[in-house]
Structure formats: C-alpha cells, structure tokens
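Below, each chain spelled out in residue letters.
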Amino acid sequence: MAINLQHFKREVNTLNSKILKQTYYQFDLSNSNSMIKAFINDETRKRLLSLKDKIETFPELDTVLKKELTRDVLYIGSECERLAVIDIEKEYRSIKKILTNEYVQLIRVNPPTIPSLLDKWDKTKPEIVFFSCHGDKFSLFLNDDEGDCVQFLNTDLITFLEARSNYTECVVLSACESLTIAELIAGAGKNVIAVNKKVDIKTATKFNKYFLQYINNHSLGYSHVYREAFNYSQEIIRYKGLEDSFAFEFISGNKIG
C-alpha cells in the first residue's frame with residue numbers, strides 16, 4: 001500500500017506538537033540531537049569527555065562530541081529610552097570577543113522581543129540564557145514588535161521560563177532588582193544569577209565580563225561551573241572596590257539541589 005508522505009508528515013508534526021506541550025518542551029521528535037543535549041548532566045558529560053581521547057582513532061566522533069559538549073549562550077539585550085543607557089551593542093561585541101572557546105557558542109536574540117526569544121530558545125535549547133536589560137521588583141523591560149520599550153511583568157514571564165527550565169542550566173538576569181523573578185525561575189529548576197537592588201551599569205558590565213570569561217576558560221566543566229564563575233566574578237569586582245559589588249546573588253535551582 002502506498003504511503004501518503006504529506007499526510008505522514010502532518011501526523012508526525014501533530015504528534016510532536018502534543019508531546020512538546022505535554023512534556024513542557026522537554027521532548028522534541030523533530031530534533032533528536034537537541035533532545036539528547038537537553039538531558040545532559042554531569043555523569044553524561046563525564047562519559048562524553050572520556051570519548052575525547054578516542055577521537056584520533058574515530059575522527060567522526062569529533063563533530064558529535066563538539067555538538068553535545070558545547071555550551072550555547074543565548075543573549076538578549078534590550079535598551080529602554082526611558083531609562084539609563086546600557087550600551088547593548090558595545091556589551092555584545094565585548095562578549096563576542098570573550099567567548100573564543102570552541103566549546104562555547106554565542107547566539108543573539110535580535111530583535112529583543114518575546115516572540116524572537118521564544119523562537120531562538122526553542123530552536124537552540126541553550127545551556128545559558130543571558131538577559132541584559134533594565135528591571136524592577138515586578139518586571140523586566142524588553143522590546144515589543146515595534147521596537148518600543150515595554151514592561152513585562154514577572155508573573156507573565158515566568159510561564160515560558162518554567163516551560164523551558166529542563167534544558168537550560170543557568171539564567172543570568174543582568175537587570176536591576178531582578179531577584180524576585182530569579183527566585184521564581186530557581187523554583188522552576190535551574191541556577192539563576194540576579195541583582196538584588198539598583199546597580200551601577202558599569203559594575204554589572206564588569207561582573208558579566210568576568211563571569212563569561214570564566215565560563216569560556218572552563219567550558220567543559222560540570223554543573224558547578226556556574227557557581228564557580230559567579231564566585232570568581234564577584235571576588236574580582238569586590239577586590240576592585242566597584243560600586244554595588246555586593247548586589248549580585250546566585251540561586252541554586254531546586255532541580256539541581
């Protein structure tokens with residue numbers, strides 16, 4: 001009996017949509033590599049690293065290992081004309097220069113809107129999601145589809161952050177007073193770095209630089225690499241006596257412990 005290929009594809013897509021929704025975006029039939037990567041833990045990472053010594057014997061392993069071991073950094077940076085200038089473009093260029101390791105990949109959300117963020121997040125399933133924007137106790141300031149600065153409430157943002165917590169290891173909230181939403185994200189599962197007050201932009205930029213520098217230099221580290229990177233960055237900015245150097249907090253995700 002002949003198979004109607006188009007009908008088969010529609011059936012698979014329908015099934016995949018249901019599975020994505022019911023498993024809170026953990027399983028994706030259309031992307032087996034992303035599905036494997038979504039569940040990488042320290043034990044899996046250790047086994048993958050043990051294969052690196054065998055690359056000379058089996059060169060085809062190289063591409064597979066790089067794909068699974070690479071940490072993707074999803075960057076969303078947003079200015080707000082009503083508030084102080086962050087200089088997102090300068091920060092992004094700086095981060096791009098820092099992340100030189102072959103096992104770290106920087107991906108930008110552009111334009112910095114919620115639809116673009118969701119699209120990139122679901123496609124790349126990044127290990128690190130990096131927000132650089134303004135914030136207050138109740139919200140983050142991002143852009144809408146017209147490019148205007150919009151206040152997005154924590155209660156609205158947490159819905160899709162929870163759905164994607166299973167395949168993201170760390171969320172960095174480089175935004176003033178972002179501790180409230182950080183605690184919600186940690187409750188959903190993953191490590192979070194946040195700011196507990198209004199912070200000097202220059203200090204935040206320096207903190208971000210040292211944090212990502214550590215990740216770049218320890219790209220193959222295990223899950224505790226995020227806390228180590230936080231401690232490293234915090235130690236430097238305190239040593240330098242930068243303003244608001246005590247404003248940053250690390251919260252361990254409940255699913256990690």
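A. Broad picture of helix 10 (residues 225-239). The end-to-end C-alpha distance of helix 10, which contains 15 residues, comes to 21 Å, matching closely the 21 Å that a straight helix rising 1.5 Å per residue would cover. Close packing links the buried residues of helix 10 with strand 1 (71-77), strand 3 (128-132), strand 7 (170-174), strand 8 (191-195), helix 9 (201-217) and strand 9 (248-251). Glycine 241 lies just past helix 10 and shows a positive phi near 70 degrees.

B. How the structure looks around empty space enclosed by the protein. Counted according to the given criterion, the structure contains two cavities of 30 Å³ or more. By volume, the largest cavity amounts to about 120 Å³. Looking at the largest cavity, it is lined by 14 residues, and the ones nearest its centre are Ile86, Cys133, Ser174, Ile201 and Ala204. With four residues, helix 9 is the largest single contributor of residues to the lining of the largest cavity. Among the residues forming the lining of the largest cavity, the class breakdown is eight nonpolar, five polar and one charged. Estimated volume of the second largest cavity: approximately 40 Å³. Trp121, Leu161, Arg164, Ser165, Thr168, Val171, Ile185 and Lys190 are the residues that line the second largest cavity. Along the lines of polarity and charge, the residues of the lining of the second largest cavity split into four nonpolar, two polar and two charged.

C. Quick look at the packing of aromatic side chains. Across all of its chains, the model carries seven aromatic pairs by this definition. Pairing tyrosine 75 with tyrosine 92 gives two aromatic rings, centres 5.5 Å apart and planes at 45 degrees, and the pair type is tilted. Note that tyrosine 75 is positioned in strand 1 and tyrosine 92 in helix 5 (residues 88-98), a separation of 17 residues in sequence. When sorted by exposure, tyrosine 75 lands in the same class as tyrosine 92, which is buried. Consider the rings of tyrosine 75 and phenylalanine 130, whose centres lie 5.8 Å apart with planes at 25 degrees: the pair is stacked.

D. Here's a closer look at the state of the cysteines. For the coordinates displayed, the defined rule picks out one disulfide. Disulfide pairing is shown between cysteine 80 and cysteine 149; the S-S distance is 2.1 Å. Taking the sign of the torsion about the S-S bond as the criterion, the disulfide between cysteine 80 and cysteine 149, at about -95 degrees, is left-handed. In this pair, cysteine 80 is assigned in the loop between strand 1 and helix 5 and cysteine 149 in strand 6 (residues 149-153), connecting sequence segments 69 residues apart. Judged by relative accessible area, which is 7%, cysteine 149 ranks as buried. Cysteine 133 carries a free sulfur, and the closest cysteine sulfur to it, the one in cysteine 149, is 9.1 Å from it. Look at cysteine 133 and you get buried, because its relative accessible area is 3%.

E. Broad picture of the packing of helix 9 against helix 10. Between helix 9 and helix 10, the shortest axis-to-axis distance is 8 Å and the interhelical angle comes to 135 degrees. Classified by the interaxial angle, the pair formed by helix 9 and helix 10 is oblique. Crossing of helix 9 over helix 10 shows right-handed handedness. Contacts from Thr203, Lys206, Phe207, Tyr210, Phe211, Gln213, Tyr214 and Ile215 of helix 9 reach helix 10 at Val225, Tyr226, Glu228, Ala229, Phe230, Tyr232, Ser233, Gln234, Ile236 and Ile237. Taken together, the residues of the contact of helix 9 with helix 10 sort by class into twelve nonpolar, four polar and two charged.

F. Region of interest: the packing of helix 6 (residues 114-124) against helix 7 (residues 154-163). At their nearest, the axes of helix 6 and helix 7 sit 11 Å apart, and the two run at 10 degrees to each other. Judged by the angle between their axes, helix 6 and helix 7 are roughly parallel. Here helix 6 runs over helix 7; the crossing is right-handed. Facing Ile114, Leu117, Leu118 and Trp121 of helix 6, the residues of helix 7 in contact are Leu157, Phe160 and Leu161.

Conventions used here
- Residues numbered from 1 in each chain as written.
- Predicted model: local features only at pLDDT ≥ 70, side-chain atom pairs only at ≥ 80, totals over all residues.
- Heavy atoms only, no water.
- Helix = DSSP H or I, 4+ residues; strand = E, 2+ residues; numbered from the N terminus.
- Expected span 1.5 Å × (residues − 1).
- Contact = heavy atoms within 4.5 Å.
- 1 Å grid on protein atoms, 1.4 Å probe; cavity = no way out; pocket = protein on both sides within 12 Å on 5 of 7 lines; lining within 4 Å.
- Points joined across faces, edges and corners; volume = space filled by probe spheres on them.
- Nonpolar A, V, L, I, M, F, W, Y, C, P; charged D, E, K, R; others polar.
- Phe/Tyr/Trp six-rings, centres within 6.5 Å; stacked < 30°, edge-to-face > 60°.
- Buried < 20%, exposed > 50% of the residue type's maximum accessible area, 1.4 Å probe, protein only.
- Disulfide = S-S within 2.5 Å.
- Axes fitted to C-alpha atoms, helices over the stretch in contact; angles between N-to-C directions.
- Parallel < 35°, antiparallel > 145°, perpendicular 65-115°, else oblique.
- Left-handed = near helix turned anticlockwise from the far one by under 90°.

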